[in-house]
Amino acid sequence: MPLLRKGTPLYGIIHCKCPKCQKGELFIHSSHYHLSGLLDMPDKCPLCGRDFQIEPGFYLGAMWVSYPVVIFLIIGSLLLAHFLLHFHLIMSFVFAGIVLLFTGPPLLRYSRVLFLYLFAEE
Ligand SMILES: [Zn+2]
């Protein structure tokens, strides 16, 4: 698939790579579930030197990327659990909470990656 080839922006987003060279890692820890250092990023790309610390508070804008995704995820999980899996309403909320628990850490990272790709100038 040409869009997912190495060196394309979509490949860079999926694999959390530098937006400039698509080779350098955006995060220090490669695992999305390394909770103590989940959002630790190097100051610059180790390969091309692209600055990842655009300005103080730059990544606060990533909340606006994750917010609609979380809303969609919670509502989707609730509807799935209640209407398709026929869970009781309380258990549907528990199900949505569990889904959010497991998708939350990668979601935090991908919201940063998307925000960086969308709004950081080259
Ligand atoms: Zn780079």
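What comes next is a walk through the structure. Remember, it's a predicted structure, so these values are computed and weren't measured experimentally.

Moving on: the coordination of the zinc ion. At 2.2 to 2.4 Å from the zinc ion lie its protein donor atoms, namely Cys-18 (SG), Cys-21 (SG), Cys-45 (SG) and Cys-48 (SG). The sequence pattern describing where the donors of the zinc ion fall on their chain is C-x2-C-x23-C-x2-C. Pair noted here: Cys-18 is in the loop between α1 (9-14) and α2 (63-84) and Cys-45 is in the loop between α1 and α2, with a separation of 27 residues, a long-range link. A relative accessible area of 0% places Cys-18 in the buried class.

You can see Glu-25 is positioned in the loop between α1 and α2. Considered as a pair, Glu-25 and Leu-60 are 35 residues apart in the sequence and their alpha carbons are 20 Å apart.

What follows deals with the side chain of Ser-66. Checked against the element boundaries, Ser-66 lands in helix α2. A residue is classified by how much of its surface remains accessible, and Ser-66, at 13% relative accessible area, is buried. Among the polar contacts made by the side chain of Ser-66, one reaches the main-chain carbonyl oxygen of Met-63 at a distance of 3.2 Å.

Before going further, it helps to examine the nonpolar core. Where a protein is soluble and globular, its nonpolar side chains tend to be buried together. Leu-26, Phe-52, Val-113 and Leu-116 are the most contacted members of the largest nonpolar core, which totals 17 residues. Per-element tally for this core: the top contributor is helix α3 (residues 89-119), with four residues. Val-113 has contacts with Ile-13, Cys-16, Leu-26 and Phe-27, leaving out every residue within four places of it along the chain.

Within the fold, Ser-111 resides in helix α3. Of the polar contacts made by the side chain of Ser-111, one reaches the backbone oxygen of Leu-108; its length is 2.7 Å. With residues near it in sequence (within four places) discarded, Ser-111 still touches Ala-62, Val-65 and Ser-66.

The rules behind the values
- Residues numbered from 1 in each chain as written.
- Predicted model: local features only at pLDDT ≥ 70, side-chain atom pairs only at ≥ 80, totals over all residues.
- Heavy atoms only, no water.
- Donors = N, O, S within 2.8 Å, 3.2 Å for Na, K, Ca; no water.
- Helix = DSSP H or I, 4+ residues; strand = E, 2+ residues; numbered from the N terminus.
- Buried < 20%, exposed > 50% of the residue type's maximum accessible area, 1.4 Å probe, protein only.
- Polar contact = N/O pair within 3.5 Å; in protein donor to acceptor, adjacent residues only side chain to side chain.
- Core = buried A, V, L, I, M, F, W, Y, C linked by side-chain atoms within 4.5 Å.
- Contact = heavy atoms within 4.5 Å.

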